[in-house]
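Overview (structure and organization)
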Amino acid sequence: MNSGPLLFLGLLFTMACSWLTFVMGPQLQVGRMQPATNLVSQELYPNPYEGVSGQGSQVYRANGCVSCHSQQIRAKSFGPDMAHYLAIRPSTAYDYLYDQPVLLGDQRIGPDLAAVGLHFDRAGLLQKLYEPRLSAPGSVMPSYRYLFETRKITFAPSTNALALPPQLAAPAGYEVVPTPAAEELAGYLLSRRQNVFIYFAPPPPTNAPATNAPVKK
Amino acid sequence: MKSPEPSREPGAEPTAGFATVPICLVLALGALCYWGEFYLDRNSGSFDEHIYAPFHTWDEVVANNPVSEEQVQYNLGKLKFHQTCELCHQATGLGQDGKAPPLVGSEWVLAPGPNRIAHAVMNGLTGPITVKGTAWNLTMPAWKDNFTDKEMAAILTYIRSEWGNKAPAVKADLIKKVRAEPHPGPMAGGDELSKLPENL
Amino acid sequence: MTATPTAPQPAATSAPLDIDASCRAPLLALFLSAALWLVLGTACTLLASIKLHVPHLLADCSALTYGRIRPAGLDCFLYGFGLQAGLGVGLWLLCRLGRTALLGSGVALFGMAFWNLGVSLGILGILIGDSTGYPAFELPRYAAGFLFFGYILLAIPAVMTFHARRPGLLYPSQWFVLGSIFWFSWIFSTAGMLLLCSPVRGVVQSSVSWWYANNLSEIVLGFMGLASIFYFIPKLVGRPLHSAPWAAFVFWMMTLFGSWAGLPEGSPLPIWVGSMSTVGTVLMVVAVLAVALNFYHTVRLNVNTLDADPTLRFCYVALIFWLIASAQQIIGALRGVNALTGLTWFGVAQKELQYYGFFALGMFGAIYYILPRLLQSTWCPHLLKAHFWLSLLGIVTLYLSHVIGGVMQGILLSEARNSFIDVLRSTMMAVRIGTLGELLIFVGALVFLLNFVKILSETGQRLRGDIMGRLS
């Protein structure tokens, strides 16, 4: 192993093996994935319309929620994920088709969020972000008070003001209101359901090459 | 070849001996490759992009994702009912005064043959009709242009098997035959419906 | 490439003193930056760790929220400390083993400047909310560009120096250094293109990001650490490395199979991706055995050598940590174990041992050897000893607490009737002990920086004294 060029060629070969297996392989197979058809409602899954949930995914990414929360429900042979996180089925690749970025997560300091939209409502999520320990005493999740605004009540209390217990409520004449970022994040989390049953029917053979282009809506 | 020079002064650059890789390591590598082959044989799903953990073959995927025709029809009917029919008949199927008669326990819905209610839904219904002993006199619009045969069959199947109702499913063929019989205007109340055969 | 000279011989001779002198400026810059980033990085991860116990601490400051400060700390360590220390040690090894002075040290200095600019922009970007979200790759796109450019500028002197080497047999450390440099340029550009510039669709992003994170840890940083260990242990023990062919075996096994590790089974990717990764990880066993046996035969368990040189102490411990971390990675990849310990503290522990245990200690050992020779000074032995023990105790505490915590968490979560919050509460004691370990590591990093500053100031004073002496 004393030749520079041979060393380089060897490295090139081994790197190519790894790259072909884990980068090109999945890209060629799954990289041209199109939305699946929900057999029952005949609608496309996932829903191509993003709106608030798409903006919320950027809030999720920016605040590093993936550091504590995963978003992958694994099949029963890997553990009782569906029981713990109240999901109705394991995660599939279709669930992440429109996600940008795809944040499957590597650690569960907090519970998995793949199906969180099924057992929280908007008010509950906002309260959780403001003070996680209200609904889960002993939780280590940080409070995201900077996603909320305490402001003076002008004419009447806002309809979207948070309902908080007395020890956390805003002083008299003030209310706690979510900022747009908090609303977007809540909208995003509510969209995390993974509750559409897709039948893995083989799609018709297609000659379309793998592409990095975003999925057509 | 064994390592040369047993000791060197620490300041010099290190050198390396030339002992060949022990055969046991090579054999271990071979054995692990053999194991790896078996592992991939069992757990790679033939490198098929459609096979996801924990399934190993396409047949396993299919077997674990059963979707029967009945299940599809039920879910389709439920979806369409709640999108449209529930506006009058209510999500509970109990109907509402001034809007629509109940479907729960209704003798028209539970008739063994669905021909009569198929006509009502297809062509609309107006005029007096008695449901569960109560007289009703409202107007139901015709739905022939709003649903396909499959959808209408699914809705009728749904109302015949939900809320404790138990009556046989409705096939799309029957709906097709009902559609093929032209009928100007809505059905004229319970009287005209009763004149129809229960089954086609 | 055995007898024919390849490039015109540089004017500088091959005496170690002159080689060290040629490296002085870029290496000093790289090592000092690395030390500073290490302190900042360990401070950030310590703060993040403390926040797990005191969630309200500084919670109103968005830049310091756990989800931002923890990736920032980790990336400070990986990119600020890890790659700079690794490249510095790598350049020095290429010079010494090639018996030639460093070529292109000016280019290297520019590279270091761009690299530091990139890391600074990246860390600031993460704190203001531009994190990409991908593990070990959170630096935003605008920072990644500077990083890559800086890296190329640092790789050019390495390749030039290697090309200008004296004819002779290559030593394993040279392969490892070159392998690491080549690997990083490929994985970083791939990840940058496919995740940042033209993102791939859906779960392919996860495959690319896991592939990148593992190759960064296992090959790029791993090979730099192994290069240091393969060089210093035989050199300081005074015996030749037992076998170069064995080292070659390790090299190719790691590049071929070690680069496959890191993608867990059970993810939404097709099943074959996870299975291939598991097979590759398990096949790493032969590489781990080959390293262990190679060093066993080299050192022959002569533990008297432990007191000989602080570098040797660091390198021995680093080697043992590499063996343990690799063994844990292999065991953790097996399907049954992964089902139990996946997505728990277990995986975090393995990475921590790889980074703070094996890699950092390997680099410390090298820097403790190289820097006095660059500056013709000596370290403060007390601070050095303190650093060693703080780092060792810190990483052992951190690792053991997280491994045990992770296994406990996995076992408890495998029962559906244990609620998540109860499992979390049960593992908090382990996390508390882990925070203690992080504190020790942070203090160790401070001590290292202090020692660094001390040796620099001593050198400065001595130089000033020399100049004054010559003037008068």
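Residues numbered from 1 in each chain as written. Chains lettered and ligands numbered in written order. Predicted model: local features only at pLDDT ≥ 70, side-chain atom pairs only at ≥ 80, totals over all residues. Heavy atoms only, no water.

Let's shift gears to the overall build of chain A. Broken down by element type, chain A carries five helices and four strands. When the helices and strands of chain A are read in sequence order from the N terminus, they spell out α-β-β-α-α-α-β-β-α. The 217 residues of chain A split such that 55% are buried. Counting contacts in chain A only where the partners sit at least 6 residues apart, residues at least 24 apart contribute 71% of the total. (Helix = DSSP H or I, 4+ residues; strand = E, 2+ residues; numbered from the N terminus. Buried < 20%, exposed > 50% of the residue type's maximum accessible area, 1.4 Å probe, protein only. Contact = heavy atoms within 4.5 Å.)

Turning our eyes to something else, we now look at helix H6 (residues 149–161) of chain B. All names here are of chain B. Over its 13 residues, H6 runs 18 Å from end to end, which matches the ideal 18 Å to within 8%, given 1.5 Å per residue. Within H6, eleven of the 13 residues are buried, which leaves the element mostly enclosed by the surrounding structure. For H6, the complete set of buried residues consists of Asp149, Glu151, Met152, Ala153, Ala154, Ile155, Leu156, Thr157, Tyr158, Ile159 and Arg160. In this structure, the buried side of H6 is in contact with helix H3 (69–89), helix H4 (107–110), helix H5 (115–123) and helix H7 (172–180). One or two positions beyond H6, positive phi appears at Trp163, with a value near 55°. (Expected span 1.5 Å × (residues − 1).)

Attention now moves to the environment of Tyr52 of chain B. Mapped onto the elements, Tyr52 of chain B comes out in the loop between helix H1 (23–43) and helix H2 (58–64). Residue class for Tyr52 of chain B comes out buried when judged on its relative accessible area of 8%. Here Tyr52 of chain B is in contact with Met33 and Ala93 of chain A together with Pro268, Leu269, Pro270 and Ile271 of chain C, once residues within four sequence places are set aside. Within the structure, Tyr52 of chain B has its side chain in polar contact with the backbone oxygen of Glu49 of chain B (distance 3.5 Å). (Polar contact = N/O pair within 3.5 Å; in protein donor to acceptor, adjacent residues only side chain to side chain.)

Next up on the list: the confidence of the model for chain A. On average, chain A scores 87 in pLDDT, and the residues at 70 or more come to 90%. Scored below 50 in pLDDT, residues 200–207 of chain A makes nine contacts in the model with residues more than four places away or belonging to other chains. (pLDDT = per-residue confidence, 0-100.)

Listed per partner, the contact involves 39 residues of chain B and 39 residues of chain C. For the pair chain B and chain C, the summed buried area comes to about 3300 Å², and 70% of that belongs to carbon and sulfur atoms. Of all residues in chain B, Glu13, Pro14 and Leu25 of chain B bury the most surface against chain C, accounting for 19% of the area lost on that side. Between Lys235 of chain C and Glu13 of chain B there is a salt bridge, with its nearest N and O atoms 3.6 Å apart. Here chain B and chain C share twelve residue pairs in polar contact (both at pLDDT 80 or more) between them. (Buried area = accessible area lost by both parts, 1.4 Å probe. Salt bridge = Lys/Arg side-chain N within 4 Å of Asp/Glu carboxyl O.)

Our focus in this paragraph is the interface of chain C and chain A. Across the boundary between the two partners, chain C contributes 84 residues, which contact 79 residues of chain A. Carbon and sulfur atoms make up 65% of the area that chain C and chain A hide from each other, which totals about 6900 Å². At the boundary of chain C and chain A, one finds zero salt bridges. Seen at the junction of chain C and chain A, the total is 20 residue pairs in polar contact (both at pLDDT 80 or more). The element that contributes the greatest number of residues to the side of chain C that touches chain A is helix H5 (residues 172–197) of chain C, accounting for nine residues.

Residue and element names in this part refer to chain C. In total, this model carries 57 aromatic pairs over all chains according to the counting rule given. A cation over an aromatic ring shows up here: Arg165 above the ring of Phe162, its NZ or CZ 4.1 Å from the ring centre. Between Arg373 and the ring centre of Tyr369, over which it is positioned, the NZ or CZ distance is 3.6 Å. (Phe/Tyr/Trp six-rings, centres within 6.5 Å; stacked < 30°, edge-to-face > 60°. Lys NZ or Arg CZ within 6 Å of the ring centre and 35° of its normal.)

Inspection of the secondary structure assignment puts Thr21 of chain A in helix H1 (residues 4–30). Reaching out from Thr21 of chain A, the side chain makes a polar contact with the backbone oxygen of Cys17 of chain A at a distance of 2.6 Å. Among all residues touching Thr21 of chain A, those that are not within four sequence positions of it are Pro26 of chain A together with Trp260, Trp272 and Met276 of chain C.

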